[in-house]
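Per-entry structural report
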Amino acid sequence: MNIWIAIAVTAVGCYAVKLLGLLVPVGVLEKPLVKRMAALLPVALLAALTAQQTFAEGQNLILDAKAAGLLAAAVAFVLRAPFLLIIGAAVVVTAGVRALGG
């Protein structure tokens, strides 16, 4: 399959999904369940993506420096640290574990 065909199909698909979203009646969008799902779905998807990227390599579960960095970020978050400090803690811990051979 030519790469440009794949790009064109993807572009058309993205446009179709966007168009479908614009065609949804306003009455449907005002329902409390739809509002709640629209608010929570991106958070759930981001959490799933983070977990998959951190703990999976192919079909295997892996615990390495990324997991330590995520744990450090979670601890900083629970301690209500500023966002940049959370990111910094994750970076420093991940780099430290990798430097120590983990």
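Attention here is on the structure that accompanies the text. Computed from a predicted structure; not experimentally measured. Position numbers for residues start from 1 in each chain and track the written sequence from start to end. Local features in this predicted model are restricted to residues of pLDDT 70 or higher, and side-chain atom pairs are both shown and tallied only at a pLDDT of 80 or more, whereas totals for entire chains, interfaces and linings draw on every residue. Note: side-chain values were computed over all heavy atoms of the structure, leaving out hydrogens and water.

1. Considering the nonpolar core
Among the buried residues, those of types Ala, Val, Leu, Ile, Met, Phe, Trp, Tyr and Cys that are joined through side-chain atoms within 4.5 Å form a nonpolar core. The buried label goes to any residue with under 20% of its type's maximum accessible area, the exposed label to any with over 50%, and the partly exposed label to all in between, with areas taken from a 1.4 Å probe on protein chains only. Counting 5 residues, the largest nonpolar core is built from Ala73, Ala76, Ala81, Ile86 and Ala90. Elements are defined by DSSP. Helices are runs of H or I of four residues or more, strands are runs of E of two residues or more, and each kind is numbered from the N terminus. Of all elements in the fold, only helix H4 (65-78) and helix H5 (83-99) reach the threshold of two or more residues within this core.

2. A short note on the packing of helix H3 (residues 32-55) against H4
All axes here are fitted lines through C-alpha atoms, helices being fitted over the stretch that makes contact, and every angle between N-to-C directions spans 0 to 180 degrees. Across the interface, H3 lies against H4 with an axial gap of 8 Å and an inter-helix angle of 140°. With respect to each other, H3 and H4 are oriented oblique. Of the residues in H4, those touching H3 at Thr50, Gln53, Thr54 and Phe55 are Lys66, Ala67 and Leu70. In this classification, the charged set is Asp, Glu, Lys and Arg, the nonpolar set is Ala, Val, Leu, Ile, Met, Phe, Trp, Tyr, Cys and Pro, and all remaining amino acids, among them Gly, are polar. For the contact of H3 with H4, the class distribution of residues is 3 nonpolar, 3 polar and 1 charged. In this scheme, roughly parallel covers angles under 35 degrees and roughly antiparallel covers those over 145, while 65 to 115 is roughly perpendicular and the rest are oblique. Two residues form a contact once any of their heavy atoms are found within 4.5 Å.

3. Observations concerning the side chain of Thr54
Examined against the element boundaries, Thr54 turns out to sit in helix H3. A distance of 2.7 Å separates the side chain of Thr54 from the backbone oxygen of Thr50, its partner in a polar contact. For Thr54, the residues in contact, after removing those within four places along its chain, are Ile62, Asp64, Lys66, Ala67 and Leu70. Two N or O atoms form a polar contact when they lie within 3.5 Å of each other; inside protein one atom must be a possible hydrogen donor and the other a possible acceptor, and for residues adjacent in sequence the pair counts only when both atoms belong to side chains.

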